[in-house]
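Per-entry structural report
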Amino acid sequence: MKLFENLYKSIGIDLGTANFLIYVKGKGIVINEPTLIAINNRTNQILAVGDEANKMLDRTPAHVTLIKPLINGVISDFEMTQEIIRYFFSRLSERNLFSRYRTAAVSIPTNLTEVERKSVEDAVVSAGASKVLLVEEPIASAIGTRLPIEEPTANMIVNIGGGTTEISIISIGGAVVSKSLKTAGQKFNEDIARFIRSEYKLLIGEPTTEALKINVGSAVPIDDKLEMAVRGRDVATGLPKEVIVRNAQIRTALQKSLKAIADAIKSILEDAPPELVGDILERGIYLSGGGSLLRGLDEYLERELQVETRVVDDPLTCVVRGLGIIIEDTSRYETILSNQEKPKLVNL
């Protein structure tokens, strides 16, 4: 029986638009890499996955294509999603000498249709899992944050990922009201790239926009004088060009998307039962996901919503930690997993 336990592990998979994370039962987080795959168009050969593929971003020749197989949290390329999962499973097999997984708890956005849910299950099963548990991201985030979601009190979690922002009020083990919107980390990058093109007539790639967001970006004015030299292609001449971009400019570029997130949270609060809203006023709002790391985002939302807002510890791994907690003690969370089937949902 002990041998069986060692050969057939349970795992948690945060199948994110931007990042792919795996938690192995008894070991913790063992994979944390970009959800990206590089393909040779001439031979259909997989050249790189994850970190190695990310190094090629916006630097590939014509015969190499970089594919992000998930868009806004939804599988857009089933075959490539399957290949990424298989690749990381094979990495684990080499490291831990097992290749079959008894249970895989997989995070999903709250707004997936039955067909989209089935595509996630099929991709994970075909890659090597025997059983798949689908866990909605707000539930996984709340569990990863150790919020008392089984108690009759409101827990509000806002998970800002790469492709979607998932907002949920959770009580007694289930989502009372939820909302999913396609304004998140990648939208922030698009806003920045659009602003730089409009303001400076300069074309920049995704790695540069991501660096600007991390190094210079903020949601509110800050005391530090942040600026960054940005290199790209001049729209008019087609020649290389360098400009200096400042914090205030990136903040301006992000305002529309930040307001969309704030308005979505307001809408959730308006739809929630009054008693739960009272609980939220007392307990506050919790931010998770990579997008929550934008400087001052908690302060911005607190100002807009008049509710205390805080970023959880290590927000990037919050979802996969929640999945890990579930697979470490699946029996405890059976009721919660069954409760999450059909929350009251609003799609944007």
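Up top is the structure these notes are about.
For clarity, every value in this text was computed on a predicted model and none was experimentally measured. (Residues numbered from 1 in each chain as written. Predicted model: local features only at pLDDT ≥ 70, side-chain atom pairs only at ≥ 80, totals over all residues. Heavy atoms only, no water.)

As a further point, take the side chain of Thr35. With respect to the helices and strands, the residue Thr35 is situated in the loop between β3 (28-34) and β4 (37-40). A distance of 2.8 Å separates a polar side-chain atom of Thr35 from the backbone oxygen of Gly16. Polar contacts involving the side chain of Thr35 include one to the main-chain amide nitrogen of Phe20, which spans 3.2 Å. If sequence neighbours within four positions are ignored, Thr35 has contacts with Gly16, Thr17, Ala18, Asn19, Phe20, Ile67, Lys68, Pro69, Leu70 and Ile84. (Helix = DSSP H or I, 4+ residues; strand = E, 2+ residues; numbered from the N terminus. Polar contact = N/O pair within 3.5 Å; in protein donor to acceptor, adjacent residues only side chain to side chain. Contact = heavy atoms within 4.5 Å.)

Bringing the packing of helix α6 (residues 185-200) against helix α8 (residues 247-271) into the picture now. Close contact between α6 and α8 brings their axes to 9 Å; oriented N to C, the two are set at 140°. Considering their axes alone, α6 and α8 lie oblique with respect to each other. The interaxial crossing formed by α6 with α8 has right-handed handedness. Within the contact between the two elements, α6 uses Lys187, Phe188, Asp191, Ile192, Phe195, Glu199 and Tyr200 and α8 uses Gln249, Ile250, Thr252, Ala253, Leu254, Ser257, Leu258 and Ile261. Here the contact of α6 with α8 is built from residues that sort into 9 nonpolar, 3 polar and 3 charged. (Axes fitted to C-alpha atoms, helices over the stretch in contact; angles between N-to-C directions. Parallel < 35°, antiparallel > 145°, perpendicular 65-115°, else oblique. Left-handed = near helix turned anticlockwise from the far one by under 90°. Nonpolar A, V, L, I, M, F, W, Y, C, P; charged D, E, K, R; others polar.)

Turning next to the side chain of Thr183. By secondary structure assignment, the location of Thr183 is in the loop between β13 (174-181) and α6. On the basis of relative accessible area, Thr183 is assigned to the buried category, the value being 12%. Setting aside residues up to four positions removed in sequence, Thr183 forms contacts with Thr165, Ser257, Ala260 and Ile261. (Buried < 20%, exposed > 50% of the residue type's maximum accessible area, 1.4 Å probe, protein only.)

Turning our eyes to something else, we now look at the environment of Gly50. Tracing the chain through its elements places Gly50 in the loop between β5 (45-49) and α2 (51-54). For the pair formed by Gly50 and Leu36, sequence separation is 14 residues and the distance between their alpha carbons is 5.3 Å. Residues contacting Gly50, with those up to four places away along its chain left out, are Glu33, Pro34, Leu36 and Phe88.

Relative orientation of the contacting elements helix α5 (residues 137-144) and helix α11 (residues 318-328) amounts to 80°, with a least axis distance of 7 Å. In terms of orientation, α5 lies roughly perpendicular with respect to α11. Contacts from Glu137, Ala140, Ser141, Ile143 and Gly144 in α5 reach Cys318, Val319, Arg321, Gly322, Leu323, Ile325 and Ile326 in α11. Across the contact of α5 with α11, the residue classes break down as 7 nonpolar, 3 polar and 2 charged.

Turning next to the pairing of β13. Regular strands show a simple pattern: their side chains alternate between the two faces of the sheet. Counted residue by residue, β13 has 7 buried out of 8 residues, so it is predominantly covered. In this structure, strand β12 (residues 165-171) lies alongside β13, joined through 7 bridges in antiparallel fashion. When the bridges of β13 are listed, Ile169 appears paired with Val177. With antiparallel pairing between neighbouring strands as the criterion, β12 and β13 make up a hairpin whose turn holds 2 residues, including Ile172 at a positive phi of roughly 50°. (Pairing = 2+ DSSP bridges.)

One finds Met156, Ile169, Ile196, Leu212, Ile265, Ile285 and Leu297 to be the most contacted residues of the largest nonpolar core, which totals 47 residues. If you tally residues by element for this core, the top one is α8, at 10 residues. Leaving out residues up to four positions away in the same chain, Leu297 has contacts with Ile160, Ala219, Leu258, Leu287, Gly291 and Ser292. In terms of nonpolar packing, the next biggest core, distinct from the first, is built from 30 residues, Ile37, Ile84, Ala104 and Ile108 among them. (Core = buried A, V, L, I, M, F, W, Y, C linked by side-chain atoms within 4.5 Å.)

Let's shift gears to unusual backbone geometry. The phi angle of most residues is negative, glycine excepted, and most peptide bonds adopt the trans form. Within the chain, Arg146 stands out as a residue other than glycine whose phi angle is a positive 65°. Relative to the assigned elements, Arg146 resides in the loop between α5 and β11 (155-160). Exposure remark for Arg146: the relative accessible area of 64% places this residue in the exposed category. A positive phi angle, near 55°, is found at Lys201, a position not held by glycine. Inspection of the secondary structure assignment puts Lys201 in the loop between α6 and β14 (202-203).

Geometry only, nothing functional implied.
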